[in-house]
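Inside the fold
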Amino acid sequence: MGERNDQPQGSHAAEESGAQEIEATVVLGLRITDWPALRAAARAAVEELDFAGIDPEGQRAQLLREVAEDPNAALGALLHPDRLVASLPGIEALGGTLEISVTDDFAPDFAELFPLDDDGDTGDWTLTPRTACLVHTQLISLADAAYEDLDDHGDDPVTVADESDWTVFGRLPQRTWNLHRGWRRTFARAFDDLADDLAIGEWPLPRCPAEDVALRLALADARTLLGAQPESVADMMGDLPADLYDYDWDGCSDELFGVYGPDEEDSDLDAGQRIDQLLAATHPEGWFLDYEDAEERDPGRGYRR
């Protein structure tokens, strides 16, 4: 004989047990620290979804493309209310919406990512929090501007007459001016790749010729901004600690370029001169080939847009 069960059963169980319909609002502050891992998890989640309609596999393929390129889309796939509620016992999802927005004032904690030596000056050059912050800001700004160039001009060639209408691609060597939108989009991503290095506490060491060019532009713009608007740069730094090596652009050139790249076959040439020779000898389509000794970036990392 079975045990007595006093718990209400059946379709009216929720009503009889005093259960209520509840609207829950959850606000999360998130920082993406491993985009490849997030992307992989989102793609796995999409593979598990059931799609209905005329072309379910086409819908799946489209969403897979979106989560592979857009962190917002990847978060949307993983944080969808139905997916979250499915893991909770004793409740039924009645509906819900998900809104994701990027915090405009988000910035990496450069003081934590690039800590200064508290034991005093060791004599070794270092990338300081303030330098990292300023270079990161310029890389992001250049990426923004490059994508704006794409939106405004697409495949149009840069010409001498309209060179000033291009924020980024008019600054590149003229032999790149007739290249296609795909090339330009990949070059725009080089700024983001270097900015991502800084955002996780790594020095932005160029891994291919295109990144060498991108970092040169960022350092030049950082130097110009510091000279033209020192008060604005000071405001940007906030409470970041100051250091002897802040804004040491010569040190940046000496330490960040040439770690990967052309061999020192000619000892009379510095890293910048060797890179110049490589750029001159390489068709721009080959600028995205990784240096032999550089770690390959994730080929599935996608583009900002």
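Residues numbered from 1 in each chain as written. Predicted model: local features only at pLDDT ≥ 70, side-chain atom pairs only at ≥ 80, totals over all residues. Heavy atoms only, no water.

An unreviewed UniProt entry annotates the protein chain as DUF4253 domain-containing protein of Kitasatospora saccharophila.

**Focus on helix H12 (residues 271-281)**
Regarding H12, the residues found buried are Ala-271, Arg-274, Ile-275 and Leu-279. One side of H12 holds all its buried residues, which, seen down the axis, span an arc of 135 degrees. Among the exposed residues of H12, those pointing more than 90 degrees away from its buried face are Gln-277, Ala-280 and Ala-281. (Buried < 20%, exposed > 50% of the residue type's maximum accessible area, 1.4 Å probe, protein only. Helix = DSSP H or I, 4+ residues; strand = E, 2+ residues; numbered from the N terminus. Arc of directions from axis to C-beta.)

**Regarding the environment of Tyr-147**
With respect to the helices and strands, Tyr-147 occurs in helix H7 (residues 129-153). Taking the relative accessible area as the measure of exposure, Tyr-147 reaches 1% and is therefore buried. Taking the C-alpha atoms as reference points, Tyr-147 and Arg-305, 158 residues apart in sequence, are found 7.7 Å from one another. In this view, Tyr-147 contacts Arg-185, Ala-188, Arg-189, Asp-192, Tyr-303, Arg-304 and Arg-305; residues no more than four positions away in its chain are not counted. (Contact = heavy atoms within 4.5 Å.)

**Here's the deal with unusual backbone geometry**
At Tyr-247, a position not held by glycine, the phi torsion is positive, near 60 degrees. Position of Tyr-247 relative to the elements: it lies in the loop between helix H10 (230-237) and helix H11 (249-256). Residue Tyr-247 is classed as buried on the basis of its relative accessible area of 18%.

**Things to note about the packing of helix H9 (residues 209-228) against H12**
With their axes 10 Å apart at the nearest point, H9 and H12 run at an angle of 125 degrees to one another. Between H9 and H12, the interaxial angle falls into the category oblique. For the pair H9 and H12, the sense of crossing is left-handed. The segment H9 lies against H12, with Pro-209, Asp-212, Val-213 and Arg-216 engaging Gly-272, Ile-275, Asp-276, Leu-278 and Leu-279. Taken together, the residues of the contact of H9 with H12 sort by class into 5 nonpolar, 1 polar and 3 charged. (Axes fitted to C-alpha atoms, helices over the stretch in contact; angles between N-to-C directions. Parallel < 35°, antiparallel > 145°, perpendicular 65-115°, else oblique. Left-handed = near helix turned anticlockwise from the far one by under 90°. Nonpolar A, V, L, I, M, F, W, Y, C, P; charged D, E, K, R; others polar.)

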